[in-house]
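Coordinates in review
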Amino acid sequence: MNYYLLLIQFLFALAGLFLFWQSIKYFRRMWQYKKLKSMPFPQPYENILQNIHQYNILSPLHKEKIQLLILTFIENKEFVGAKMTINDEIKVIIAFYACLMRLGFDLGDKDDVSTVIIYPKHFIVNETHSSGGINHTEKSVLEGQSANGTVVISWQDIKYDITQQHKDNVIIHEFAHELDFEDGFADGTPVLDGSNYRTWSNVFSNAFDTLREQRDDKVSSKKSLFLGSYALKNEAEFFAVCSERFFESPKAFKRYFPYLYEELKGFYRLDTAILFKDLSES
């Protein structure tokens, strides 16, 4: 018996099943998009979105697309309230910023999050790290956390970010981590098209290393203050914070970090400095 032939046949069968399952998912998703697109966008959702400046300055075409993305997001995701009740305002605001990040992609792309857990305020988690071969457990107070398709966010911090209209946005931050982890590694490098990895790595590594050296030398600059110290914790946090700035303060981000801006523009397939040219920045 030719075991190699059997193995090849088995692998082909697996590949066929995978393609069949993917095609079912694709047609099911297209049917859902068609169904949702034929429905009028709920007026209560529109009323909530009108309080978000970024939504108001979107073009009609972008508004139409993000409305469809929001409806799909709300229908497909599980929203879980941790010691709080989930209402339309919470769902719509989270969906808007999560879908804003996917506005430049094709429908269905970059959509691996399945569950969103919302706490009323900061939440406490136990974090374990190893030092000198000894494991240490510490309690950390967090605004958000994400892993394996689940995003956990503090509603208090969401409201603060939106009300203050500053460059921080915990929703964008945590969903950026999920994009980063699409390839299985939280390393600050998401899945990129083509052969862009070398350029991405050079641009992000140079900026990250330069800012870290300035921090270690106790050199403060407008660039470092703009990103904040948390961005320099590691490469994954650097990408997440840069994503926040890309959507919340695009003109300033482009001015301070033009090369980073170009890389994120290519990844997100959006030129946010133009898209949000009327966005006031702090």
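The preceding data block contains the structure.
Below or above, wherever it landed, is the structure these notes cover. From a predicted model like this one, the values you see are computed outputs, not experimental measurements.

Let us now look at the overall build of the protein. When you go through the protein residue by residue, the secondary structure sums to 13 helices and 6 strands. Put simply, the protein has 282 residues, and 43% of those count as buried. For the protein, restricting intrachain contacts to residue pairs at least 6 apart in sequence, the fraction spanning at least 24 positions comes to 67%. For the protein, the accessible surface area stands at approximately 15900 Å², while carbon and sulfur atoms represent 54% of it.

Looking at the element boundaries, Thr 115 is found in strand β2 (residues 115-119). In this view, Thr 115 contacts Glu 78, Val 80, Gly 149, Thr 150 and Val 151; residues no more than four positions away in its chain are not counted.

Pairing is mixed in the open sheet, where 4 strands are placed in the order β1-β2-β6-β5. With one partner strand each, in any of the chains shown, β1 (78-81) and β5 (144-147) form the two edges of the open sheet. Pairwise comparison of adjacent strand axes, ignoring direction, gives a mean angle of 15° for this sheet. Pairing analysis gives 5 bridges linking β2 to strand β6 (residues 150-154), with the strands arranged parallel. Note that in β6 the partner of Ile 118 across the bridge is Ile 153.

Bringing the nonpolar core into the picture now. One finds Ile 94, Phe 96, Phe 175, Leu 227, Phe 238, Phe 253 and Tyr 268 to be the most contacted residues of the largest nonpolar core, which totals 74 residues. At 10 residues, the largest contribution of residues to this core is made by helix α5 (residues 88-100). Apart from residues no more than four positions distant in its own chain, Phe 253 is found in contact with Phe 226, Leu 227, Cys 242, Arg 245, Phe 246, Pro 258, Leu 260, Tyr 261 and Leu 264.

The rules we used
- Residues numbered from 1 in each chain as written.
- Predicted model: local features only at pLDDT ≥ 70, side-chain atom pairs only at ≥ 80, totals over all residues.
- Heavy atoms only, no water.
- Helix = DSSP H or I, 4+ residues; strand = E, 2+ residues; numbered from the N terminus.
- Buried < 20%, exposed > 50% of the residue type's maximum accessible area, 1.4 Å probe, protein only.
- Contact = heavy atoms within 4.5 Å.
- Areas by Shrake-Rupley, 256 points an atom, 1.4 Å probe, with all protein chains shown as cover.
- Pairing = 2+ DSSP bridges.
- Axes fitted to C-alpha atoms, helices over the stretch in contact; angles between N-to-C directions.
- Core = buried A, V, L, I, M, F, W, Y, C linked by side-chain atoms within 4.5 Å.

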